[in-house]
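These are the residues of each chain, in order.
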Amino acid sequence: MFRTPVADISLALRAADGDNGGVLADVPLDAILGEAARFTGEVLAPLNRVGDREGVRLKDGAVTTAPGWKEAYRRFAEAGWTGVSAPEQYGGQGLPVMVEMAVQEMWNAGAAAFAVGPMLTVGAIEALAAHGAAEIRATYLPRLVAGRWTATMNLTEPQAGSDLGLVATRATRAEDGTYRISGQKIFITYGEHDLAENIVHLVLARLPDAPPGTAGISMFVVPKFLPDAEGTPRARNRVVAAGVENKLGLHGSPTCTMVYDQAVGFLVGEENRGLACMFTMMNLARLSVGIQGVGVAERAYQTALAYARERRQGRGFDAERGPSPIVAHPDVQMMLLRMAALVAASRSLCYACAHAIDMSRRGPANERGAWADRASLLTPVAKAFSTDAAIEVASLGIQVHGGAGYIEETGAAQHLRDARIFAIYEGTNGIQAIDLVTRKLGLRDGAAVTEFTAELRGIADALAMSNRPGIHETVAPLRAAISELEAATAFMSEAAARDRRSALYGASGYLRLFGIVGGAALLAKSAIVGGDDRAGLAAIAKGRFFAQTMLPEASSLRAAMMGAGTAVGADGAALLDMT
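Residues numbered from 1 in each chain as written. Predicted model: local features only at pLDDT ≥ 70, side-chain atom pairs only at ≥ 80, totals over all residues. Heavy atoms only, no water.

Q: Looking at this model, I keep getting lost on the pairing of strand 4 (residues 170-173). Mind explaining?
A: Where a strand is regular, its side chains alternate between the two sheet faces. Where strand 4 lies against strand 5 (residues 179-189), 4 bridges are found, and the strand directions are antiparallel. Note that in strand 5 the partner of Arg 173 across the bridge is Tyr 179. Hairpin geometry of strand 4 and strand 5 is characterised by an intervening segment of 5 residues between the two adjacent antiparallel strands and by a positive phi of about 90° at Gly 177. (Pairing = 2+ DSSP bridges. Helix = DSSP H or I, 4+ residues; strand = E, 2+ residues; numbered from the N terminus.)

This is the structure we're talking about:
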(Lines give C-alpha, C1' and ligand atoms only; values in the text may rest on other atoms or scores of the structure.)
Protein backbone atom coordinates (compact mmCIF):
# COMPACT_ATOMS: atom_id res chain seq x y z
CA MET A 1 0.00 0.00 0.00
CA PHE A 2 1.46 3.35 -1.05
CA ARG A 3 1.86 5.92 1.73
CA THR A 4 2.37 9.55 0.75
CA PRO A 5 5.38 10.76 2.80
CA VAL A 6 3.71 13.94 4.06
CA ALA A 7 6.08 14.44 6.99
CA ASP A 8 9.18 14.02 4.81
CA ILE A 9 7.82 16.48 2.23
CA SER A 10 6.86 19.00 4.90
CA LEU A 11 10.32 18.82 6.49
CA ALA A 12 12.07 19.26 3.13
CA LEU A 13 9.89 22.29 2.37
CA ARG A 14 10.62 23.90 5.72
CA ALA A 15 14.33 23.28 5.33
CA ALA A 16 14.33 24.86 1.86
CA ASP A 17 12.27 27.86 2.99
CA GLY A 18 14.58 28.58 5.92
CA ASP A 19 14.79 32.13 7.21
CA ASN A 20 15.13 33.76 3.79
CA GLY A 21 11.77 35.46 3.67
CA GLY A 22 9.54 32.59 4.75
CA VAL A 23 7.38 32.27 1.64
CA LEU A 24 5.46 29.48 3.39
CA ALA A 25 4.79 31.51 6.54
CA ASP A 26 1.13 32.24 5.76
CA VAL A 27 0.39 29.00 3.90
CA PRO A 28 -1.83 26.39 5.61
CA LEU A 29 0.75 23.81 4.61
CA ASP A 30 -0.39 20.90 6.78
CA ALA A 31 -3.97 21.16 5.52
CA ILE A 32 -2.90 21.35 1.86
CA LEU A 33 -0.43 18.49 2.08
CA GLY A 34 -2.89 16.38 4.04
CA GLU A 35 -5.66 16.84 1.48
CA ALA A 36 -3.25 16.25 -1.41
CA ALA A 37 -2.09 13.04 0.25
CA ARG A 38 -5.68 11.88 0.75
CA PHE A 39 -6.58 12.60 -2.87
CA THR A 40 -3.44 10.88 -4.12
CA GLY A 41 -4.05 7.78 -2.04
CA GLU A 42 -7.74 7.44 -2.73
CA VAL A 43 -8.02 8.61 -6.34
CA LEU A 44 -4.67 8.66 -8.16
CA ALA A 45 -2.66 5.76 -6.75
CA PRO A 46 -5.22 3.13 -7.81
CA LEU A 47 -4.96 4.41 -11.40
CA ASN A 48 -1.27 3.66 -11.75
CA ARG A 49 -1.46 -0.02 -12.65
CA VAL A 50 -4.71 0.42 -14.59
CA GLY A 51 -3.13 3.04 -16.83
CA ASP A 52 -0.04 0.91 -17.36
CA ARG A 53 -2.01 -2.19 -18.33
CA GLU A 54 -4.84 -0.61 -20.31
CA GLY A 55 -3.00 2.28 -21.97
CA VAL A 56 -4.88 4.56 -24.37
CA ARG A 57 -6.75 3.92 -27.59
CA LEU A 58 -6.94 6.03 -30.75
CA LYS A 59 -9.88 5.67 -33.11
CA ASP A 60 -10.89 8.15 -35.82
CA GLY A 61 -8.68 10.85 -34.31
CA ALA A 62 -10.17 10.47 -30.81
CA VAL A 63 -8.23 9.14 -27.82
CA THR A 64 -9.88 7.14 -25.05
CA THR A 65 -7.97 7.03 -21.78
CA ALA A 66 -7.83 4.10 -19.38
CA PRO A 67 -10.86 3.11 -17.27
CA GLY A 68 -11.37 5.44 -14.33
CA TRP A 69 -9.18 8.23 -15.64
CA LYS A 70 -11.96 10.48 -16.89
CA GLU A 71 -13.77 10.36 -13.56
CA ALA A 72 -10.51 10.91 -11.69
CA TYR A 73 -9.75 13.97 -13.78
CA ARG A 74 -13.22 15.37 -13.12
CA ARG A 75 -12.61 15.05 -9.39
CA PHE A 76 -9.10 16.49 -9.82
CA ALA A 77 -10.44 19.59 -11.56
CA GLU A 78 -13.34 20.05 -9.16
CA ALA A 79 -10.91 19.93 -6.23
CA GLY A 80 -8.97 22.84 -7.73
CA TRP A 81 -5.59 21.13 -8.06
CA THR A 82 -4.80 22.74 -11.42
CA GLY A 83 -4.94 26.20 -9.84
CA VAL A 84 -2.64 25.73 -6.84
CA SER A 85 -0.05 28.30 -7.96
CA ALA A 86 -2.12 30.04 -10.65
CA PRO A 87 -2.89 33.78 -10.32
CA GLU A 88 -5.86 34.52 -8.10
CA GLN A 89 -7.34 36.93 -10.66
CA TYR A 90 -8.01 33.95 -12.94
CA GLY A 91 -9.43 31.72 -10.24
CA GLY A 92 -6.20 30.23 -8.92
CA GLN A 93 -4.98 30.05 -5.34
CA GLY A 94 -1.79 32.03 -5.92
CA LEU A 95 0.25 29.74 -3.66
CA PRO A 96 4.05 29.50 -3.85
CA VAL A 97 5.75 27.29 -6.41
CA MET A 98 7.09 25.27 -3.48
CA VAL A 99 3.55 24.16 -2.68
CA GLU A 100 2.90 23.45 -6.37
CA MET A 101 5.93 21.17 -6.49
CA ALA A 102 4.92 19.41 -3.28
CA VAL A 103 1.50 18.45 -4.62
CA GLN A 104 3.02 17.53 -7.99
CA GLU A 105 5.37 15.15 -6.21
CA MET A 106 2.34 13.44 -4.71
CA TRP A 107 0.49 13.27 -8.02
CA ASN A 108 3.49 11.63 -9.67
CA ALA A 109 3.97 9.14 -6.87
CA GLY A 110 0.32 8.27 -7.29
CA ALA A 111 0.21 7.97 -11.09
CA ALA A 112 2.89 9.71 -13.13
CA ALA A 113 1.17 9.07 -16.44
CA PHE A 114 -1.89 10.94 -15.13
CA ALA A 115 0.12 13.73 -13.51
CA VAL A 116 2.05 14.75 -16.62
CA GLY A 117 -1.12 16.15 -18.21
CA PRO A 118 -2.02 18.64 -15.46
CA MET A 119 1.67 19.50 -15.08
CA LEU A 120 1.76 20.76 -18.66
CA THR A 121 -1.38 22.80 -18.05
CA VAL A 122 0.28 24.46 -15.05
CA GLY A 123 3.23 25.41 -17.27
CA ALA A 124 0.94 26.79 -19.97
CA ILE A 125 -0.86 28.93 -17.41
CA GLU A 126 2.50 30.35 -16.43
CA ALA A 127 3.42 31.14 -20.04
CA LEU A 128 0.09 32.70 -21.00
CA ALA A 129 -0.07 34.77 -17.81
CA ALA A 130 3.38 36.17 -18.61
CA HIS A 131 3.12 36.65 -22.38
CA GLY A 132 -0.49 36.37 -23.53
CA ALA A 133 -2.45 39.37 -24.72
CA ALA A 134 -5.31 40.54 -22.50
CA GLU A 135 -7.95 38.86 -24.67
CA ILE A 136 -6.09 35.55 -24.64
CA ARG A 137 -5.64 35.71 -20.88
CA ALA A 138 -9.30 36.49 -20.32
CA THR A 139 -10.51 33.67 -22.56
CA TYR A 140 -8.07 30.89 -21.78
CA LEU A 141 -6.68 31.31 -18.27
CA PRO A 142 -9.88 30.95 -16.19
CA ARG A 143 -10.77 27.75 -18.02
CA LEU A 144 -7.26 26.31 -17.82
CA VAL A 145 -7.02 27.20 -14.14
CA ALA A 146 -10.37 25.55 -13.47
CA GLY A 147 -9.19 22.41 -15.26
CA ARG A 148 -12.05 22.60 -17.75
CA TRP A 149 -9.44 22.88 -20.51
CA THR A 150 -5.98 21.33 -20.63
CA ALA A 151 -2.86 22.48 -22.45
CA THR A 152 0.05 21.00 -24.38
CA MET A 153 3.50 22.09 -25.48
CA ASN A 154 4.14 21.58 -29.22
CA LEU A 155 7.85 21.87 -30.00
CA THR A 156 9.18 18.65 -31.47
CA GLU A 157 9.01 17.76 -35.17
CA PRO A 158 10.44 14.75 -37.02
CA GLN A 159 13.52 16.74 -38.08
CA ALA A 160 13.61 19.07 -35.05
CA GLY A 161 14.04 17.41 -31.68
CA SER A 162 16.30 19.35 -29.37
CA ASP A 163 17.39 21.65 -32.21
CA LEU A 164 14.46 24.06 -32.32
CA GLY A 165 16.16 26.10 -34.99
CA LEU A 166 14.99 23.41 -37.42
CA VAL A 167 11.29 23.92 -36.67
CA ALA A 168 9.43 23.96 -40.00
CA THR A 169 5.77 24.27 -38.98
CA ARG A 170 4.41 27.24 -40.89
CA ALA A 171 2.31 30.17 -39.77
CA THR A 172 0.71 32.66 -42.16
CA ARG A 173 -1.07 35.87 -41.30
CA ALA A 174 -4.83 36.10 -41.88
CA GLU A 175 -6.74 39.31 -42.56
CA ASP A 176 -8.65 39.09 -39.29
CA GLY A 177 -5.44 39.26 -37.22
CA THR A 178 -5.29 35.54 -36.55
CA TYR A 179 -2.83 33.08 -38.11
CA ARG A 180 -3.08 29.81 -39.99
CA ILE A 181 -0.84 27.03 -38.72
CA SER A 182 0.27 24.08 -40.87
CA GLY A 183 2.72 21.31 -40.07
CA GLN A 184 3.34 18.23 -37.99
CA LYS A 185 4.39 17.91 -34.36
CA ILE A 186 5.44 14.66 -32.71
CA PHE A 187 5.74 13.36 -29.14
CA ILE A 188 2.97 15.67 -27.93
CA THR A 189 1.92 14.62 -24.44
CA TYR A 190 -1.86 14.64 -24.00
CA GLY A 191 -2.21 16.07 -27.49
CA GLU A 192 -5.60 14.34 -27.68
CA HIS A 193 -7.70 12.82 -24.89
CA ASP A 194 -11.20 12.53 -23.47
CA LEU A 195 -10.62 14.16 -20.07
CA ALA A 196 -11.52 17.82 -20.70
CA GLU A 197 -13.86 19.78 -22.96
CA ASN A 198 -11.05 21.53 -24.84
CA ILE A 199 -7.31 21.17 -25.46
CA VAL A 200 -5.15 24.26 -25.89
CA HIS A 201 -2.01 23.68 -27.92
CA LEU A 202 0.92 26.07 -27.52
CA VAL A 203 2.65 25.70 -30.88
CA LEU A 204 6.02 26.89 -32.16
CA ALA A 205 5.87 27.86 -35.84
CA ARG A 206 7.68 30.00 -38.37
CA LEU A 207 6.29 32.95 -40.37
CA PRO A 208 7.17 33.24 -44.09
CA ASP A 209 9.43 36.26 -43.53
CA ALA A 210 10.99 35.01 -40.30
CA PRO A 211 14.77 34.95 -39.94
CA PRO A 212 16.39 31.51 -39.88
CA GLY A 213 17.11 29.57 -36.72
CA THR A 214 15.62 30.11 -33.29
CA ALA A 215 15.41 33.86 -33.91
CA GLY A 216 12.55 33.21 -36.34
CA ILE A 217 10.22 31.18 -34.12
CA SER A 218 6.83 32.45 -32.95
CA MET A 219 4.41 30.90 -30.46
CA PHE A 220 0.68 30.46 -31.01
CA VAL A 221 -2.36 29.31 -29.11
CA VAL A 222 -4.16 26.73 -31.24
CA PRO A 223 -7.26 25.33 -29.49
CA LYS A 224 -8.86 22.04 -30.46
CA PHE A 225 -12.23 23.81 -30.44
CA LEU A 226 -12.43 27.51 -31.23
CA PRO A 227 -14.25 29.37 -28.45
CA ASP A 228 -17.08 31.77 -29.20
CA ALA A 229 -17.42 35.28 -27.74
CA GLU A 230 -18.49 33.82 -24.38
CA GLY A 231 -15.58 31.38 -24.33
CA THR A 232 -17.65 28.29 -25.09
CA PRO A 233 -15.87 25.77 -27.33
CA ARG A 234 -17.69 25.65 -30.67
CA ALA A 235 -16.13 25.06 -34.09
CA ARG A 236 -13.65 22.22 -34.50
CA ASN A 237 -10.24 23.59 -35.41
CA ARG A 238 -8.13 22.00 -38.15
CA VAL A 239 -5.82 20.04 -35.85
CA VAL A 240 -6.02 16.27 -35.40
CA ALA A 241 -4.14 13.47 -33.70
CA ALA A 242 -2.79 11.29 -36.49
CA GLY A 243 -1.20 8.70 -34.24
CA VAL A 244 -0.40 7.62 -30.67
CA GLU A 245 3.02 6.27 -29.77
CA ASN A 246 3.56 2.76 -28.38
CA LYS A 247 5.98 3.59 -25.58
CA LEU A 248 8.27 1.89 -23.09
CA GLY A 249 6.43 3.45 -20.16
CA LEU A 250 3.85 6.03 -19.12
CA HIS A 251 1.30 3.94 -20.98
CA GLY A 252 -1.64 5.83 -19.53
CA SER A 253 -0.42 9.10 -21.04
CA PRO A 254 -1.29 9.62 -24.72
CA THR A 255 1.77 10.75 -26.69
CA CYS A 256 0.46 11.99 -30.01
CA THR A 257 1.47 12.98 -33.50
CA MET A 258 -0.43 16.20 -34.21
CA VAL A 259 -1.20 17.43 -37.72
CA TYR A 260 -2.11 21.09 -38.30
CA ASP A 261 -3.79 21.93 -41.61
CA GLN A 262 -4.48 25.66 -41.80
CA ALA A 263 -5.54 25.58 -38.14
CA VAL A 264 -6.54 28.92 -36.62
CA GLY A 265 -3.91 30.21 -34.21
CA PHE A 266 -3.51 33.26 -31.99
CA LEU A 267 -0.11 34.87 -31.47
CA VAL A 268 1.40 34.79 -27.99
CA GLY A 269 3.84 37.61 -27.34
CA GLU A 270 5.57 39.07 -30.38
CA GLU A 271 6.31 37.60 -33.78
CA ASN A 272 9.70 35.85 -33.90
CA ARG A 273 9.97 35.99 -30.10
CA GLY A 274 8.23 32.72 -29.40
CA LEU A 275 11.17 30.87 -27.91
CA ALA A 276 11.30 33.23 -24.94
CA CYS A 277 7.58 32.62 -24.36
CA MET A 278 8.00 28.86 -24.58
CA PHE A 279 10.95 28.87 -22.19
CA THR A 280 8.74 30.44 -19.54
CA MET A 281 6.72 27.25 -19.72
CA MET A 282 9.71 24.98 -20.28
CA ASN A 283 11.77 26.19 -17.31
CA LEU A 284 8.97 25.40 -14.89
CA ALA A 285 8.36 22.14 -16.75
CA ARG A 286 11.99 21.13 -16.20
CA LEU A 287 11.59 21.50 -12.45
CA SER A 288 8.30 19.59 -12.70
CA VAL A 289 10.12 16.75 -14.46
CA GLY A 290 12.64 16.67 -11.63
CA ILE A 291 9.67 16.36 -9.27
CA GLN A 292 8.33 13.55 -11.46
CA GLY A 293 11.56 11.74 -10.74
CA VAL A 294 11.17 12.28 -7.00
CA GLY A 295 7.59 11.01 -7.00
CA VAL A 296 8.22 7.85 -9.01
CA ALA A 297 11.42 7.13 -7.07
CA GLU A 298 9.53 7.45 -3.77
CA ARG A 299 6.95 4.95 -4.94
CA ALA A 300 9.62 2.57 -6.25
CA TYR A 301 11.36 2.75 -2.87
CA GLN A 302 8.18 2.05 -0.94
CA THR A 303 7.33 -0.86 -3.25
CA ALA A 304 10.77 -2.40 -2.74
CA LEU A 305 10.76 -1.85 1.02
CA ALA A 306 7.36 -3.47 1.43
CA TYR A 307 8.47 -6.47 -0.63
CA ALA A 308 11.73 -6.81 1.31
CA ARG A 309 9.81 -6.93 4.59
CA GLU A 310 7.49 -9.68 3.32
CA ARG A 311 9.76 -11.86 1.19
CA ARG A 312 11.64 -14.52 3.19
CA GLN A 313 14.86 -16.05 1.91
CA GLY A 314 17.96 -17.37 3.67
CA ARG A 315 18.99 -16.54 7.21
CA GLY A 316 19.52 -12.95 8.23
CA PHE A 317 22.91 -11.87 9.52
CA ASP A 318 21.90 -11.94 13.19
CA ALA A 319 19.05 -14.45 12.95
CA GLU A 320 19.19 -17.78 14.76
CA ARG A 321 17.18 -19.51 12.09
CA GLY A 322 15.74 -18.85 8.64
CA PRO A 323 14.14 -18.04 6.41
CA SER A 324 14.33 -14.34 7.29
CA PRO A 325 12.75 -11.38 5.56
CA ILE A 326 15.25 -10.26 2.94
CA VAL A 327 15.31 -6.81 4.56
CA ALA A 328 17.48 -8.48 7.22
CA HIS A 329 20.31 -9.03 4.72
CA PRO A 330 23.02 -6.31 4.64
CA ASP A 331 23.15 -6.15 0.84
CA VAL A 332 19.42 -5.53 0.62
CA GLN A 333 19.64 -2.96 3.38
CA MET A 334 22.36 -1.10 1.47
CA MET A 335 20.24 -0.99 -1.67
CA LEU A 336 17.19 0.26 0.20
CA LEU A 337 19.18 2.89 2.09
CA ARG A 338 20.72 4.14 -1.14
CA MET A 339 17.26 4.38 -2.65
CA ALA A 340 15.92 6.33 0.34
CA ALA A 341 18.91 8.68 0.40
CA LEU A 342 18.71 9.42 -3.33
CA VAL A 343 15.00 10.21 -3.05
CA ALA A 344 15.59 12.56 -0.11
CA ALA A 345 18.53 14.37 -1.74
CA SER A 346 16.60 14.81 -4.99
CA ARG A 347 13.61 16.16 -3.08
CA SER A 348 15.82 18.68 -1.28
CA LEU A 349 17.35 19.90 -4.55
CA CYS A 350 13.99 20.34 -6.23
CA TYR A 351 12.46 22.23 -3.31
CA ALA A 352 15.53 24.47 -3.07
CA CYS A 353 15.03 25.33 -6.74
CA ALA A 354 11.32 26.01 -6.17
CA HIS A 355 12.19 28.23 -3.20
CA ALA A 356 14.55 30.25 -5.38
CA ILE A 357 11.76 30.76 -7.93
CA ASP A 358 9.42 31.93 -5.18
CA MET A 359 12.01 34.33 -3.76
CA SER A 360 12.60 35.77 -7.24
CA ARG A 361 8.90 36.72 -7.23
CA ARG A 362 8.04 37.27 -3.58
CA GLY A 363 11.30 38.24 -1.91
CA PRO A 364 12.65 41.76 -1.29
CA ALA A 365 12.82 43.68 -4.56
CA ASN A 366 16.56 44.24 -4.34
CA GLU A 367 17.20 40.50 -3.95
CA ARG A 368 14.96 39.14 -6.67
CA GLY A 369 17.57 39.23 -9.41
CA ALA A 370 20.00 37.15 -7.36
CA TRP A 371 17.27 34.66 -6.54
CA ALA A 372 16.34 34.42 -10.23
CA ASP A 373 19.95 33.54 -10.95
CA ARG A 374 19.86 30.90 -8.19
CA ALA A 375 16.76 29.38 -9.77
CA SER A 376 18.44 29.38 -13.19
CA LEU A 377 21.52 27.72 -11.71
CA LEU A 378 19.60 24.99 -9.92
CA THR A 379 17.02 24.17 -12.60
CA PRO A 380 19.26 21.98 -14.80
CA VAL A 381 20.73 20.30 -11.72
CA ALA A 382 17.34 19.59 -10.16
CA LYS A 383 15.99 18.22 -13.44
CA ALA A 384 18.95 16.04 -14.37
CA PHE A 385 20.12 14.78 -10.98
CA SER A 386 16.62 13.90 -9.82
CA THR A 387 15.68 12.06 -13.00
CA ASP A 388 18.96 10.14 -13.12
CA ALA A 389 18.38 9.26 -9.47
CA ALA A 390 14.86 8.07 -10.28
CA ILE A 391 16.21 5.66 -12.89
CA GLU A 392 18.79 4.33 -10.43
CA VAL A 393 16.24 4.00 -7.63
CA ALA A 394 13.74 2.21 -9.86
CA SER A 395 16.45 -0.14 -11.14
CA LEU A 396 17.53 -0.92 -7.57
CA GLY A 397 13.89 -1.58 -6.77
CA ILE A 398 13.83 -4.34 -9.37
CA GLN A 399 17.04 -5.75 -7.91
CA VAL A 400 15.55 -5.86 -4.42
CA HIS A 401 12.64 -7.85 -5.84
CA GLY A 402 15.03 -10.25 -7.54
CA GLY A 403 13.45 -12.32 -10.29
CA ALA A 404 10.00 -11.16 -9.22
CA GLY A 405 11.01 -7.63 -10.10
CA TYR A 406 11.46 -8.64 -13.72
CA ILE A 407 7.87 -9.88 -13.79
CA GLU A 408 5.26 -7.25 -14.54
CA GLU A 409 2.80 -8.46 -11.91
CA THR A 410 4.86 -7.07 -9.04
CA GLY A 411 4.77 -3.52 -10.46
CA ALA A 412 8.49 -2.92 -9.88
CA ALA A 413 9.29 -2.89 -13.59
CA GLN A 414 6.71 -0.19 -14.30
CA HIS A 415 8.58 2.31 -12.15
CA LEU A 416 11.73 1.88 -14.23
CA ARG A 417 9.83 2.00 -17.51
CA ASP A 418 8.00 5.15 -16.43
CA ALA A 419 11.08 6.88 -15.05
CA ARG A 420 13.24 6.28 -18.11
CA ILE A 421 11.68 9.10 -20.14
CA PHE A 422 12.33 11.73 -17.47
CA ALA A 423 16.02 11.96 -18.39
CA ILE A 424 15.04 12.52 -22.03
CA TYR A 425 12.14 14.94 -22.33
CA GLU A 426 12.06 18.66 -21.51
CA GLY A 427 15.68 18.77 -22.64
CA THR A 428 17.83 15.66 -22.27
CA ASN A 429 20.06 15.50 -19.23
CA GLY A 430 23.04 16.02 -21.49
CA ILE A 431 21.48 19.30 -22.61
CA GLN A 432 20.95 20.23 -18.96
CA ALA A 433 24.66 19.67 -18.36
CA ILE A 434 25.61 21.82 -21.35
CA ASP A 435 23.25 24.54 -20.13
CA LEU A 436 24.83 24.42 -16.68
CA VAL A 437 28.44 24.76 -17.77
CA THR A 438 28.04 27.10 -20.74
CA ARG A 439 25.33 29.46 -19.44
CA LYS A 440 24.62 29.11 -15.74
CA LEU A 441 28.14 29.06 -14.26
CA GLY A 442 28.74 32.49 -15.79
CA LEU A 443 25.70 34.15 -14.23
CA ARG A 444 26.80 37.48 -12.70
CA ASP A 445 30.38 36.62 -13.64
CA GLY A 446 30.28 33.48 -11.53
CA ALA A 447 28.76 35.05 -8.43
CA ALA A 448 25.66 32.86 -8.56
CA VAL A 449 27.57 29.59 -8.23
CA THR A 450 30.04 31.09 -5.73
CA GLU A 451 27.17 32.21 -3.49
CA PHE A 452 25.62 28.75 -3.68
CA THR A 453 28.80 26.91 -2.70
CA ALA A 454 29.30 29.42 0.11
CA GLU A 455 25.82 28.53 1.35
CA LEU A 456 26.76 24.85 1.24
CA ARG A 457 29.80 25.62 3.41
CA GLY A 458 27.49 27.45 5.79
CA ILE A 459 25.38 24.30 6.10
CA ALA A 460 28.51 22.28 6.88
CA ASP A 461 29.44 24.80 9.58
CA ALA A 462 25.94 24.58 11.07
CA LEU A 463 26.24 20.79 11.12
CA ALA A 464 29.50 21.08 13.02
CA MET A 465 27.83 23.24 15.68
CA SER A 466 24.72 21.09 16.00
CA ASN A 467 24.26 18.98 19.09
CA ARG A 468 21.85 16.54 17.43
CA PRO A 469 23.15 12.95 17.66
CA GLY A 470 24.34 11.45 14.38
CA ILE A 471 24.88 14.72 12.52
CA HIS A 472 28.59 15.27 13.11
CA GLU A 473 29.52 12.25 10.98
CA THR A 474 28.39 14.14 7.92
CA VAL A 475 30.64 17.18 8.44
CA ALA A 476 34.02 15.94 7.22
CA PRO A 477 32.72 14.14 4.10
CA LEU A 478 30.59 17.15 3.19
CA ARG A 479 33.40 19.66 3.59
CA ALA A 480 35.71 17.50 1.50
CA ALA A 481 33.08 17.14 -1.22
CA ILE A 482 32.40 20.90 -1.28
CA SER A 483 36.11 21.43 -1.88
CA GLU A 484 35.92 18.99 -4.79
CA LEU A 485 32.95 20.91 -6.21
CA GLU A 486 34.75 24.25 -5.87
CA ALA A 487 37.83 22.88 -7.66
CA ALA A 488 35.69 21.35 -10.39
CA THR A 489 33.76 24.60 -10.80
CA ALA A 490 36.96 26.59 -11.21
CA PHE A 491 38.20 24.13 -13.82
CA MET A 492 34.89 24.06 -15.67
CA SER A 493 34.47 27.83 -15.65
CA GLU A 494 37.89 28.29 -17.20
CA ALA A 495 37.33 25.47 -19.69
CA ALA A 496 33.98 26.91 -20.76
CA ALA A 497 35.75 30.17 -21.59
CA ARG A 498 38.95 28.82 -23.15
CA ASP A 499 38.52 25.15 -24.10
CA ARG A 500 34.85 24.60 -24.85
CA ARG A 501 35.44 21.09 -26.13
CA SER A 502 36.88 19.92 -22.81
CA ALA A 503 34.05 21.63 -20.96
CA LEU A 504 31.45 19.82 -23.03
CA TYR A 505 33.10 16.44 -22.62
CA GLY A 506 33.11 16.87 -18.86
CA ALA A 507 29.73 18.58 -18.53
CA SER A 508 27.63 15.59 -17.52
CA GLY A 509 30.18 14.49 -14.94
CA TYR A 510 30.25 18.01 -13.53
CA LEU A 511 26.46 18.16 -13.24
CA ARG A 512 26.45 14.81 -11.44
CA LEU A 513 29.09 16.12 -9.03
CA PHE A 514 27.12 19.33 -8.47
CA GLY A 515 23.96 17.34 -7.76
CA ILE A 516 25.62 14.93 -5.33
CA VAL A 517 27.26 17.68 -3.29
CA GLY A 518 24.31 20.05 -3.40
CA GLY A 519 21.85 17.29 -2.64
CA ALA A 520 23.92 16.03 0.29
CA ALA A 521 24.20 19.49 1.84
CA LEU A 522 20.53 20.36 1.39
CA LEU A 523 19.50 16.98 2.78
CA ALA A 524 21.75 17.64 5.78
CA LYS A 525 19.95 20.96 6.24
CA SER A 526 16.74 18.99 6.73
CA ALA A 527 18.50 17.02 9.45
CA ILE A 528 19.39 20.26 11.23
CA VAL A 529 15.89 21.75 11.25
CA GLY A 530 14.04 18.47 11.88
CA GLY A 531 12.70 17.39 15.22
CA ASP A 532 12.78 14.07 17.03
CA ASP A 533 9.81 12.66 15.13
CA ARG A 534 10.18 9.95 12.50
CA ALA A 535 10.82 12.41 9.66
CA GLY A 536 13.48 14.29 11.61
CA LEU A 537 15.33 11.17 12.72
CA ALA A 538 15.05 9.70 9.22
CA ALA A 539 16.59 12.85 7.75
CA ILE A 540 19.60 12.43 10.01
CA ALA A 541 19.98 8.77 9.07
CA LYS A 542 19.61 9.39 5.34
CA GLY A 543 21.93 12.40 5.45
CA ARG A 544 24.61 10.44 7.28
CA PHE A 545 24.30 7.48 4.90
CA PHE A 546 24.51 9.75 1.86
CA ALA A 547 27.55 11.58 3.23
CA GLN A 548 29.49 8.47 4.17
CA THR A 549 28.68 6.18 1.23
CA MET A 550 27.91 8.48 -1.72
CA LEU A 551 29.81 11.72 -1.21
CA PRO A 552 33.15 9.91 -1.67
CA GLU A 553 32.12 9.69 -5.35
CA ALA A 554 32.82 13.42 -5.58
CA SER A 555 36.58 13.04 -5.91
CA SER A 556 36.34 10.43 -8.67
CA LEU A 557 33.73 12.49 -10.51
CA ARG A 558 36.00 15.52 -10.43
CA ALA A 559 38.94 13.50 -11.75
CA ALA A 560 36.80 11.97 -14.49
CA MET A 561 35.26 15.23 -15.69
CA MET A 562 38.64 17.01 -15.69
CA GLY A 563 40.23 14.17 -17.63
CA ALA A 564 37.43 13.66 -20.12
CA GLY A 565 38.74 16.09 -22.71
CA THR A 566 42.23 14.57 -22.65
CA ALA A 567 40.85 11.03 -22.77
CA VAL A 568 38.77 11.75 -25.87
CA GLY A 569 41.21 14.07 -27.57
CA ALA A 570 40.46 16.56 -30.29
CA ASP A 571 38.01 14.38 -32.22
CA GLY A 572 35.67 12.03 -30.42
CA ALA A 573 34.18 10.83 -33.70
CA ALA A 574 37.61 9.68 -34.87
CA LEU A 575 38.13 7.86 -31.57
CA LEU A 576 34.83 6.08 -32.06
CA ASP A 577 35.97 4.93 -35.48
CA MET A 578 38.81 3.06 -33.78
CA THR A 579 36.54 1.19 -31.36
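Here the narrative resumes, following the displayed structure.
Q: What exactly am I supposed to notice about the packing of aromatic side chains here?
A: Each aromatic ring pair is characterised by the separation of its centres together with the angle its planes make. Counting across every chain of the model gives 12 aromatic pairs. Aromatic rings pair up to connect Phe 39, Trp 69, Tyr 73, Phe 76, Trp 81, Trp 107 and Phe 114 into one cluster. (Phe/Tyr/Trp six-rings, centres within 6.5 Å; stacked < 30°, edge-to-face > 60°.)

Q: Just checking my understanding: could you explain helix 13 (residues 475-498) for this structure?
A: One turn of an α-helix holds 3.6 residues; hence residues three or four places apart share an orientation. With 24 residues, helix 13 should reach 34 Å at 1.5 Å per residue; the first-to-last C-alpha distance of 35 Å fits that figure. All buried positions along helix 13 are accounted for by Val 475, Leu 478, Ala 481, Ile 482, Glu 484, Leu 485, Ala 488, Thr 489, Met 492 and Ala 495. Against the buried residues of helix 13 lie helix 11 (429-440), helix 12 (447-465), helix 14 (500-529) and helix 16 (553-568). (Expected span 1.5 Å × (residues − 1). Buried < 20%, exposed > 50% of the residue type's maximum accessible area, 1.4 Å probe, protein only. Contact = heavy atoms within 4.5 Å.)

Q: Teacher, can you tell me more about the state of the cysteines here?
A: Defined simply, a disulfide is a covalent bond joining two cysteines at their sulfur atoms. Counted by the stated rule, this structure contains 0 disulfides. Counting only cysteine sulfurs, Cys 353 is the nearest neighbor of Cys 350, a cysteine outside any disulfide, at a range of 7.3 Å. Overall, the relative accessible area of 0% leaves Cys 353 in the buried class. (Disulfide = S-S within 2.5 Å.)

Q: Explain unusual backbone geometry to me, please; I cannot follow it from the model alone.
A: The general pattern is negative phi for most residues beyond glycine and trans for most peptide bonds. One non-glycine residue, Asn 272, adopts positive backbone phi at about 65°. Note on Asn 272: relative accessible area 23%, which makes it partly exposed. Look at Arg 444: it is not a glycine, yet its phi comes out positive at around 50°. Relative to the assigned elements, Arg 444 resides in the loop between helix 11 and helix 12. For Arg 444, a relative accessible area of 35% corresponds to the partly exposed category.

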